[in-house]
Amino acid sequence: MASATLLKSSFLPKKAEWGTTRQAAAPKPVTASIGLENTEANRQAYRTLLVTPPGLGNYISGAILFEETLYQSTVDGKKIVDILVEQGIVPGIKVDKGLVPLVGSNDESWCQGLDGLASREAAYYQQGARFAKWRTVVSIPNGPSELAVKEAAWGLARYAAISQDNGLVPIVEPEIMLDGEHGIERTFEVAQKVWAETFYYMAQNNVMFEGILLKPSMVTPGAECKDRATPEEVASYTLKLLQRRIPPSVPGIMFLSGGQSEVEATLNLNAMNQAPNPWHVSFSYARALQNTCLKTWGGRPENVAAAQEALLLRAKANSLAQLGKYTSDGEAAEASENMFVKNYSY
Ligand SMILES: O=P(O)(O)OC[C@H]1O[C@](O)(COP(=O)(O)O)[C@@H](O)[C@@H]1O
């Protein structure tokens, strides 16, 4: 396997539009990004496109599925899970139940999903899932409050322990949102706090660190900060964070993209792997892997081949970046478009 990367094969970023479970998929509205109606048939068509490019497994080692996808077949009637396994891609499952307001905080949120998690995970394992993911978020402009950080860290730790007990490798993802005008130092400060608490509670819950994967945000300035950071600065702060907070027993670190452009996310990853670091840091992007692919497809069958090419291009670029061997020469202008949206919610 050329890389230890993760592909989110959820259909479209906005959970409210596309649903996270078999029951929750609302038929409308149309997705903002490509103007396509949210039907199971459209989700199936896009997922078929995502999992079938020949050679995808050379660049992608795992795919995070929604519950719907875990039980779904392609348009040709083959189970998506079976296709992934044939491609050499490990199927995983998003197990959190999403964000809700955290009462008593500064307009922050917490992540639901611990109730019934053990039995859901046992069923997911039977269905072929081998890892899990739980994403919670921390907002810098809204605090973050002590309460929100503690709640995020505790939820991640309980989820990680329950997942390991059910044979699934937990991906631990406290996303520090890009929103805000703050500089990179402030992100660094918050990230240190979040990861310190997350490991503190994971230790309290007897989580085996050798059996987890991390999905951190890169340390960048807030999206509305005027001082932008170079890939080398992002790499330097992010690696300093990992060195200070992540025990060497943790085997895998795969970054989320968080609204960076496709090229920016790839360049930042590349810079980290060009700097001396004891890890082999990799990617678990949604937007920065699928944006061009999704737009190229636009819901039209005649565009499937071109969209698959776009996906392979990004997968390969990030695969090179996790070896520190990427150059942005020849990248299309649209791949550099920033994808940050204020108050963006999945
Ligand atoms: O679907 P979730 O778990 O709410 O997460 C939303 C998105 O955030 C991610 O964890 C990271 O996505 P980005 O790379 O676009 O930031 C994706 O895997 C996922 O699609």
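Counting restarts for each chain: residues are numbered from 1 in the order of the written sequence. Totals for whole chains, interfaces and linings use all residues, but because this is a predicted model, local features are given only for residues with pLDDT of at least 70 and pairs of side-chain atoms are given and counted only at 80 or more. Excluding hydrogens and water, the side-chain figures rest on all heavy atoms present in the structure.

- Per an unreviewed UniProt entry, the protein chain carries the name Fructose-bisphosphate aldolase and comes from Triticum turgidum subsp. durum.
- UniProt positions are given in the numbering used here, feature names are shortened, and annotations may be inferred rather than shown by experiment. UniProt annotates the protein chain under Catalytic activity (unreviewed entry) with the comment "beta-D-fructose 1,6-bisphosphate = D-glyceraldehyde 3-phosphate + dihydroxyacetone phosphate".
- What UniProt records for the protein chain under Sequence similarities (unreviewed entry) is the sentence "Belongs to the class I fructose-bisphosphate aldolase family."

**A word on the pairing of strand β9 (residues 252-255)**
Moving on, step 1. Three labels apply to residues, based on accessible area from a 1.4 Å probe with only protein chains included: buried if under 20% of the type maximum, exposed if over 50%, partly exposed otherwise in between. In DSSP terms, a helix is any run of H or I states spanning at least four residues, a strand is any run of E spanning at least two, and both are numbered starting from the N terminus. Both faces of β9 are covered, namely the face carrying G252 and M254 and the face carrying I253 and F255.
Moving on, step 2. Crossover handedness is defined by viewing with both strands directed away from the observer: a clockwise path from the first strand over the helix to the second marks the crossover as right-handed. Remark: the strand β8 (residues 213-214)/helix α8 (residues 231-245)/β9 crossover connection has right-handed handedness.
Moving on, step 3. Following the chain from β9 across helix α9 (residues 262-274) to the adjacent parallel strand β10 (residues 282-283), one finds a crossover that is right-handed.

**Examining α9**
An α-helix turns once every 3.6 residues. As a result, residues three or four positions apart point the same way.
Moving on, step 1. With 13 residues, α9 ought to run about 18 Å at 1.5 Å a step, and its terminal C-alpha atoms sit 19 Å apart, in line with that.
Moving on, step 2. Of the residues making up α9, those classed as buried are E262, V263, A265, T266, N268, L269, N270, A271, M272 and N273.
Moving on, step 3. Throughout, a residue-residue contact means that at least one pair of heavy atoms, one from each residue, lies within 4.5 Å. On its buried side, α9 packs onto α8, β9, β10, α10 (287-297) and α11 (304-321). Multiplying one less than the number of residues by 1.5 Å gives the expected span of a helix.

**Some remarks on empty space enclosed by the protein**
Moving on, step 1. The pocket and cavity definitions rest on a 1 Å grid over protein atoms only: a 1.4 Å probe that fits but cannot leave marks a cavity, an open set with protein on both sides within 12 Å along at least five of seven lines marks a pocket, and residues lining either have an atom within 4 Å of a point. Grid points are joined across faces, edges and corners, and a volume is the space filled by probe spheres set on the points. The final tally for this structure, using the stated rule, is three cavities of 30 Å³ or more.
Moving on, step 2. Along the walls of the largest cavity sit 11 residues, with E175, M177, G258, R287 and Y344 positioned nearest its centre.
Moving on, step 3. Broken down by class, the residue content of the lining of the largest cavity amounts to six nonpolar, one polar and four charged.
Moving on, step 4. Here the second largest cavity defines a volume of roughly 60 Å³.
Moving on, step 5. Residue type decides the class: Asp, Glu, Lys and Arg count as charged, Ala, Val, Leu, Ile, Met, Phe, Trp, Tyr, Cys and Pro as nonpolar, and the leftover types, Gly among them, as polar. Among the residues forming the lining of the second largest cavity, the class breakdown is seven nonpolar, five polar and no charged.

**A look at the packing of α8 against α9**
Moving on, step 1. Axis lines are fitted to C-alpha atoms, over the contacting stretch for helices. Their N-to-C directions set the angle, which ranges from 0 to 180 degrees. Running from amino to carboxyl end, α8 crosses α9 at an angle of 60°, the nearest separation of the two axes being 8 Å. With respect to α9, the element α8 is oriented oblique. Handedness of the α8/α9 crossing: right-handed. The residues of α9 that touch α8, namely those facing P231, E232, V234, A235, T238 and L239, are L267, N268, A271 and M272.
Moving on, step 2. Each residue belonging to the contact of α8 with α9 can be placed in one class, and the counts come to seven nonpolar, two polar and one charged. For this classification, under 35 degrees means roughly parallel, over 145 means roughly antiparallel, 65 to 115 means roughly perpendicular, and everything else is oblique. Should the near helix be turned anticlockwise from the far one by less than a right angle, the crossing is left-handed, and should it be turned clockwise, the crossing is right-handed.

**Focus on the pattern of salt bridges**
When the charged atoms of two side chains with opposite charge come close together, those side chains can pair.
Moving on, step 1. A pairing counts as a salt bridge when a side-chain nitrogen of Lys or Arg comes within 4 Å of a carboxyl oxygen of Asp or Glu. Inspection of the entire model under this criterion finds 10 salt bridges.
Moving on, step 2. For K133, the salt bridge identified is with E173, shortest N-O distance 2.9 Å. One end of the pair, K133, is in strand β6 (residues 131-138); the other, E173, is in strand β7 (residues 169-176), with 40 residues separating them in the sequence.
Moving on, step 3. Exposure remark for E173: the relative accessible area of 2% places this residue in the buried category.
Moving on, step 4. We note a salt bridge from K193 to E146, for which the minimum N-O separation is 3.7 Å. Remark: E146 occurs in helix α6 (residues 146-165) and K193 occurs in helix α7 (residues 184-204); sequence separation between them is 47 residues.
Moving on, step 5. With a relative accessible area of 35%, K193 lands in the partly exposed category.
Moving on, step 6. Judged by its relative accessible area of 53%, E146 is exposed.
Moving on, step 7. Residues joined in a network through salt bridges with shared partners are K133, R135, E173 and E175.

**Points about the packing of α9 against α11**
Each packed pair of helices is defined by two parameters, the angle between the axes and the distance between the axes.
Moving on, step 1. Following both chains from N to C, one finds α9 and α11 inclined at 20°, their axes separated by 8 Å at the closest point. It follows from the interaxial angle that α9 and α11 lie roughly parallel. Of the residues in α11, those in contact with E262, V263, T266, L269, N270 and N273 of α9 are R314, A317, N318, L320 and A321.
Moving on, step 2. Considering only residue class, the contact of α9 with α11 consists of five nonpolar, four polar and two charged.

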